[in-house]
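The lines below spell out each chain.
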Amino acid sequence: MKIFHSINDFHIGSGENIKKTILTLGTFDGVHFGHKKILEKLTQSTENDKYESLVLTFFPHPRMVLQEDSDIKLLNTLEEKIALLDKIGIQNLVIHPFDENFSRLTAEEFVKNILVDQFHIHKIIIGHDHRFGRNRTANIKDLIAFGKEYDFEVEEISAQEINEVSVSSTKIRQALDDGNVALANKYLGYDYSLTGIVTKGKQLGRTIGFPTANLKLEENFKLIPKNGVYIVKSTINSRIVLGMMNIGFNPTVEGNKQTIEINFFDFDENLYGQKITVSILERIRSEQKFDSIALLSAQLQKDKKTALAYFENQ
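In this text the structure is predicted, and so the values were computed from the model without any measurement.

Engineer: Summarise the sheet that holds strand β10 (residues 239-248); cite the residues concerned and give the values.
Structural biologist: Strand order in the closed barrel formed by six strands is β7-β8-β11-β10-β9-β12, with antiparallel pairing between adjacent strands. Each neighbouring strand pair of the sheet contributes to a mean axis angle of 45 degrees, computed without reference to strand direction. Bridge count for β10 against strand β11 (residues 259-264) is six bridges, and the pairing is antiparallel. Bridge pairing in β11 places Met244 opposite Asn263. Packing against the sheet, helix α8 (residues 181-188) makes contact with β9 (228-236) and β12 (275-285), and its axis sits at approximately 120 degrees to β12. In the packing of helix α10 (residues 293-313) onto the sheet, the strands contacted are β9, β10 and β12, and the crossing angle to β12 comes to about 100 degrees.

Structure follows, in structure tokens:
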């Protein structure tokens, strides 16, 4: 997959060798089952090699730019989204830096200058409710009219499919907020994950036989599941490592900030400073405050047994 970090950077061929594109656009946060149905339409449309598939997406998320008080949390980092789109077989991905200047483009400027002149589109695959241009004043009827004027096709994504995307995204976010990561993974079609750098913590876990890797996320917009203890796995130095993870405030030791700590089983390597990805498989329990470190340690032994039983049954 070719990746372009702005609309102006995009090019495929030159002169008479310029290929036309079949395009869709959107934030595609999660790249879940609903999105995949739309994206597969795109890849199937280009199977005869006459055209190339193109996805236009934006970063930062438009709501982060246009709504100053937005506290939106996303299912994917940019790196994760790129990997998921590549897996589907998209040929070209344009990640355009969204800003207020871009939001002020008129509908015709967007169609003529970007879709036609820059992307050389043959067809756009778009939702029936899509609105675009300054203040989102243009709709799919306008786009169809532009298509007749500038000689490109408009394929409408049905209300049912758009609803499927919307419902899936809402259900995934709600499931993660509820700690129901197994349900979120079902809707996503893959395991939800967190990626970050391993940093030094209080190192209390070492003293009770449960050393932890403290994960510091690189992006503050990534949705973190509900506080609690989870079953996880990771691939470290080409080896699959199993473990359990606590998201929360460590109330037993009067913690005052949210941390993400992973205890890997049968693993004793120094991970400080390393970037790791942790796949979250199942929630074991809520975070709770214990009356003593000994009681906390006893519960962690039970949690580990629960996690190991889960892996044995897979």
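After presenting the structure, the write-up continues.
Engineer: Residues and numbers for the packing of aromatic side chains, please.
Structural biologist: Counted by the stated rule, this structure contains 10 aromatic pairs. Centroid distance Phe4 to Phe10: 5.1 Å. Interplanar angle 70 degrees. Geometry classified as edge-to-face. Of the two residues, Phe4 and Phe10, both sit in the buried class. Here the guanidinium or amino end of Lys36 rests over the ring plane of Phe33, the centre of that ring lying 5.4 Å away.

Engineer: I'd like to hear about the pattern of salt bridges, residue by residue, with values.
Structural biologist: By the definition in use, this model includes 11 salt bridges. One salt bridge in this structure joins Glu218 and Lys275, with 3.3 Å as the shortest N-O distance. Taken together, the residues span a long stretch of sequence, with Glu218 in the loop between β8 (213-217) and β9 and Lys275 in strand β12 at a distance of 57 residues. Given a relative accessible area of 43%, Glu218 falls into the partly exposed group. Look at Lys275 and you get partly exposed, because its relative accessible area is 39%. Note that Asp303 and Arg285 form a salt bridge whose closest N and O atoms lie 2.8 Å from each other. Remark: Arg285 occurs in strand β12 and Asp303 occurs in helix α10; sequence separation between them is 18 residues. In this structure, a network of salt bridges that share partners links the residues Glu79, Glu218 and Lys275.

Engineer: Can you lay out the sheet that holds strand β4 (residues 92-96) for me, pointing to particular residues and giving the numbers?
Structural biologist: As summarised here, the arrangement of the six strands in space is β1-β4-β3-β2-β5-β6, forming an open sheet in which the pairing is parallel. Among the strands making up the open sheet, the edge pair consists of β1 (2-4) and β6 (153-157). The average angle at which neighbouring strand axes cross in this sheet is 20 degrees, direction not considered. Bridge count between strand β5 (residues 121-127) and β6: five bridges; the pairing is parallel. By the bridge assignment, Ile126 is partnered in β6 with Glu156.

Engineer: Give a description of the nonpolar core that names residues and reports values.
Structural biologist: Core analysis: the biggest nonpolar cluster contains 47 residues, and Leu176, Tyr192, Leu194, Leu215, Met245, Phe264 and Ile280 have the highest contact counts within it. Excluding residues that lie within four positions of it along the chain, Leu176 makes contacts with Leu75, Val181, Ala184, Tyr192, Leu223, Pro225 and Lys226. Grouped together as the second largest cluster of nonpolar side chains are 29 residues, Ile7, Phe102, Ala107 and Phe110 included.

Engineer: Talk me through the pairing of β12; I want residue IDs and the actual numbers.
Structural biologist: Bridge count between strand β7 (residues 193-199) and β12: five bridges; the pairing is antiparallel. Note that in β12 the partner of Gly196 across the bridge is Ile276. Relative to β12, β9 is paired through six bridges, and the arrangement is antiparallel. The residue of β12 that forms the bridge with Tyr230 is Arg283.

Engineer: Provide a residue-level description of the environment of Glu80, including the pertinent values.
Structural biologist: Assignment of secondary structure puts Glu80 in helix α3 (residues 78-88). Taking the C-alpha atoms as reference points, Glu80 and Arg63, 17 residues apart in sequence, are found 19 Å from one another. With residues up to four places along the chain from it excluded, the contact list for Glu80 reads Leu75, Ser193, Thr195 and Lys222. One polar contact links Glu80 to Lys222, side chain to side chain, over a distance of 2.8 Å.

Engineer: Please provide a residue-by-residue account of the side chain of Ser193, values included.
Structural biologist: With respect to the helices and strands, the residue Ser193 is situated in strand β7. Residue classification places Ser193 among the buried residues on the basis of a relative accessible area of 14%. Beyond its immediate sequence surroundings of up to four residues, Ser193 is in contact with Glu80, Lys222, Thr277, Val278 and Ser279.

Engineer: I'd like to hear about unusual backbone geometry, residue by residue, with values.
Structural biologist: Omega for the peptide link from Phe59 to Pro60 comes to 5 degrees, which places this bond in the cis form. Position of Pro60 relative to the elements: it lies in the loop between β3 (52-58) and α2 (62-66). Non-glycine residue Ser238 carries a positive phi angle of around 70 degrees. What makes Ser238 exposed here is its relative accessible area of 75%. Of note, Asp266 is a non-glycine position whose phi angle comes to about 50 degrees, a positive value.

About the cut-offs
Residues numbered from 1 in each chain as written. Predicted model: local features only at pLDDT ≥ 70, side-chain atom pairs only at ≥ 80, totals over all residues. Heavy atoms only, no water. Pairing = 2+ DSSP bridges. Helix = DSSP H or I, 4+ residues; strand = E, 2+ residues; numbered from the N terminus. Axes fitted to C-alpha atoms, helices over the stretch in contact; angles between N-to-C directions. Contact = heavy atoms within 4.5 Å. Phe/Tyr/Trp six-rings, centres within 6.5 Å; stacked < 30°, edge-to-face > 60°. Buried < 20%, exposed > 50% of the residue type's maximum accessible area, 1.4 Å probe, protein only. Lys NZ or Arg CZ within 6 Å of the ring centre and 35° of its normal. Salt bridge = Lys/Arg side-chain N within 4 Å of Asp/Glu carboxyl O. Core = buried A, V, L, I, M, F, W, Y, C linked by side-chain atoms within 4.5 Å. Polar contact = N/O pair within 3.5 Å; in protein donor to acceptor, adjacent residues only side chain to side chain.

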